[in-house]
Each structure stands twice: as C-alpha cells, then as structure tokens.
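# Topology and contacts: notes
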Amino acid sequence: MATRRNPWVRTSLAAGAVGVLVLLTGCSSDSDSASGGSSADMAVAGDAAGGVNQSKSDSGVAPVAGDTGGSGVQQQKVISTGNVQLRSGDVGQAIFDVRKVVDEYQGTIAEDDTETDKLGSPVRSRMVVRVPTADFDQAMTELEQVATLVSSKRKSDDVTTQVLDMDARVEAQRRSIDRIQVLFDHATSIKDVVSIESQLSQRQADLESLESQQRYLADQTSMSTITLSVERTSKAGPPSETDHEVAGFISGLSGGWGAMKSFLVGASTVAGALLPWLVLALVLAVPGWPLVRRLRRRTAVT
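Residues numbered from 1 in each chain as written. Predicted model: local features only at pLDDT ≥ 70, side-chain atom pairs only at ≥ 80, totals over all residues. Heavy atoms only, no water.

Now for the confidence of the model for the protein. On average, residues of the protein score 77 in pLDDT, and 70% of them are at 70 or above. Every residue in residues 1-5 is under pLDDT 50, and counting partners more than four places away or in other chains gives one contact. Throughout residues 48-66 the model reports pLDDT below 50, and contacts reaching past four residues in sequence, or to other chains, amount to 20 contacts. (pLDDT = per-residue confidence, 0-100. Contact = heavy atoms within 4.5 Å.)

We now examine the pairing of strand β1 (residues 78-88). If a strand is regular, its side chains alternate between the two faces of the sheet. Note that β1 and strand β4 (residues 148-158) share ten bridges and pair antiparallel. Looking at β4, one finds that S80 is bridged to S156. (Pairing = 2+ DSSP bridges. Helix = DSSP H or I, 4+ residues; strand = E, 2+ residues; numbered from the N terminus.)

Here the focus is unusual backbone geometry. Notably, Q106 is not glycine yet its phi reads approximately 55°, a positive angle. Take Q106: it is sitting in the loop between α3 (91-104) and β2 (108-116).

The next point concerns the packing of helix α5 (residues 160-185) against helix α6 (residues 190-222). A pair of packed helices can be characterised by two numbers: the angle between their axes and the separation between those axes. For the pair α5 and α6, interaxial distance at closest approach is 9 Å and the crossing angle is 155°. When the axes of α5 and α6 are compared, the pair comes out roughly antiparallel. Crossing of α5 over α6 shows left-handed handedness. Grouping the constituent residues of the contact of α5 with α6 by class yields 13 nonpolar, seven polar and seven charged. (Axes fitted to C-alpha atoms, helices over the stretch in contact; angles between N-to-C directions. Parallel < 35°, antiparallel > 145°, perpendicular 65-115°, else oblique. Left-handed = near helix turned anticlockwise from the far one by under 90°. Nonpolar A, V, L, I, M, F, W, Y, C, P; charged D, E, K, R; others polar.)

Taken as a whole, helix α4 (residues 136-144) has its buried residues at F136, A139, M140, L143 and E144. Buried positions in α4, seen along its axis, are confined to an arc of 135° and lie on one side of it. On its buried side, α4 packs onto β1, α3, β3 (122-132), β4 and β5 (223-232). (Buried < 20%, exposed > 50% of the residue type's maximum accessible area, 1.4 Å probe, protein only. Arc of directions from axis to C-beta.)

Quick look at the sheet that holds β2 now. The sheet built from five strands is open, its strands ordered β2-β3-β5-β1-β4 with mixed pairing. Each of the sheet's edge strands pairs with one partner strand only, and the pair in question is β2 and β4. Across the sheet, the mean angle from the axis of one strand to that of its neighbour is 10°, orientation sign disregarded. Bridge count for β3 against β5 is nine bridges, and the pairing is antiparallel. The residue bridging V128 from the neighbouring strand is T227, located in β5.

With 26 residues, α5 extends 38 Å between its outermost C-alpha atoms, agreeing within 8% with the 38 Å of an ideal straight helix rising 1.5 Å per residue. Among the residues of α5, T160, V163, M166, D167, A168, V170, A172, Q173, S176, I177 and I180 are the ones counted as buried. (Expected span 1.5 Å × (residues − 1).)

A separate point is the pattern of salt bridges. Tallied over the full model, the rule gives eleven salt bridges. Two residues, R154 and E144, come together in a salt bridge whose shortest N-O distance is 3.5 Å. Here E144 lies in helix α4 and R154 lies in strand β4, a separation of ten residues in the sequence. The exposure class of R154 is partly exposed, given its relative accessible area of 40%. (Salt bridge = Lys/Arg side-chain N within 4 Å of Asp/Glu carboxyl O.)

Glancing now at a nonpolar patch on the surface. Taken together, the side chains of W257, M260, F263 and L264 define a hydrophobic patch exposed on the protein surface, amounting to about 460 Å² of accessible area. By the secondary structure assignment, W257 is in helix α7 (residues 241-301). (Patch = residues over 30% accessible without salt bridge, like charges linked within 9 Å, V, L, I, M, F, W, Y side chains within 5 Å. Areas by Shrake-Rupley, 256 points an atom, 1.4 Å probe, with all protein chains shown as cover.)

And the structure:
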C-alpha cells in the first residue's frame, strides 16, 4: 500500500534546501572578496621571496651566465697586477722599447707621465700598461728586459667564485624585474600601481649597481695592469779622449767669456763713476772758455 506524503512536509524540505544553498553561496563570496583585496601586495611579496631564494640557489650551485669556454666548465678568473722599475742611460729608447712590447701583445698604455731636461731629453717616465691577462707573465718578462732591472713585483688573485656569484645575482635580479613588470602591467588599482612601481624602481637601481660591479670584474680579469717606471742613469761611464778635448775647449771658452764679462763690468763701473764729473766739467767750461781766451790775449799784449 503506497504511503502519501503530507504537502506541508514537502514544502518544509524544499525551503530548508534553498536556505543551505544561500548560506554556502554567501560564505564563498566573502572568502573571495577578502582574498582578492590584497592580491597585488601578496604577489609582490611572493616575488620578493622567490627572487631572494632563487638568487641564493643560483649562486650556490652553478653560474647562470659565465664564460665556460665551450667545455661546460667555468674558466678560472684571475686579476693580475705587476710593478716594474728600470734604469737606463737612454730613457727615450727605453720608452720606445716598452711601446713595442705593448703593441706586440695588443695592449694599451692607460697613463704616461714623462719628464724631460732642458734640452728635451727624457729623464724619467712612469707608464700604466694594460695587457691581456693570458699574456701577463710573458709581457712582464719582456718589460723587465727593456733596460737595467731595479725591482719587479707580481700579484695574482683568483676571483672565479666572486665572478660566478655576481653573474648569478645579475641574472636573478633581471628575472625578478621581469616578473614585477608583468604584475605592473596587470595592476588595476592606484594602490597596486604605486606599490609595484616602488618595488620596480628599487630593483632596477639594484640591477644597475650589480651590472657596474660585473663590468669592473670583467675588465680587471680580461686585462692585467702593469705599472712601469724608468729613470735615467745618474752615473755615466769613464769619459773618452774626445770628451776631454771637448770639455777643455768648452772650459776655455767659458773662462774667456767670464773674463770679458768681468772687464766690461769694471769698465762700466768706472764710466758710471766718472760721468757726473764730466758733465759738471762741461757745464763749467761753456761760460768759462771765452773768459780764458780774453785773459790769454791780455797776457800776450802786455
């Protein structure tokens, strides 16, 4: 025998189901609105944490960008510096020979400070030479042989780890800026735009600083620096017979010139002392000469 349900019971069940549905929908909407209000800030914070972690992992494992020489193994990066002091009887020739060595290794002279004597001949010179790091030892050896060696110093520092770390940091910072740029392009509110733009400006400034350090390391590891100084020998060798003759002639000429100057100075002194008296005598003689002539005539008549 079939049981018939009461209409009131069916109505109550339907109303209860609708109420549960409305309640679930309201909770879902509140949760979505609460999470959506800070999505931009959470994304920026998450990107910051991800960028830091990525930078740490990159610098600790393998270089993102670096010169591997095609073998998959990072080449050693070395900063080499040298200092060479020379002495030569002909500083000009020594400078010429130094330039020949620099040209041989396709290097450059970054600084050149040369002093000359009164005749224009070089007395001493200081040069800062830059040559490829691969040719540092050979260039140092040849520069030491240009003239008489006084002292020589060499120094090499391995900066491979520093170069790897710097390359990884630069690459990680670039990826971080790319992610921030995507968030900036999709920002919809003024608050999100201001927050993301501040983060983007700061990271671009950090990237420029890292790239500047990266360029400095690349320059120092690719080209070595050698500071070279050459000075003219103070003591000359024993003079030859010709030198004695020339020295005697010059000495005699100098003595004669000095005696003539002394005579002229003495004569000028005497003339200067007598000149006022001569002027006075001339002044007195002009009116007195006719009087003297009259006296002579009277004396002759008498």
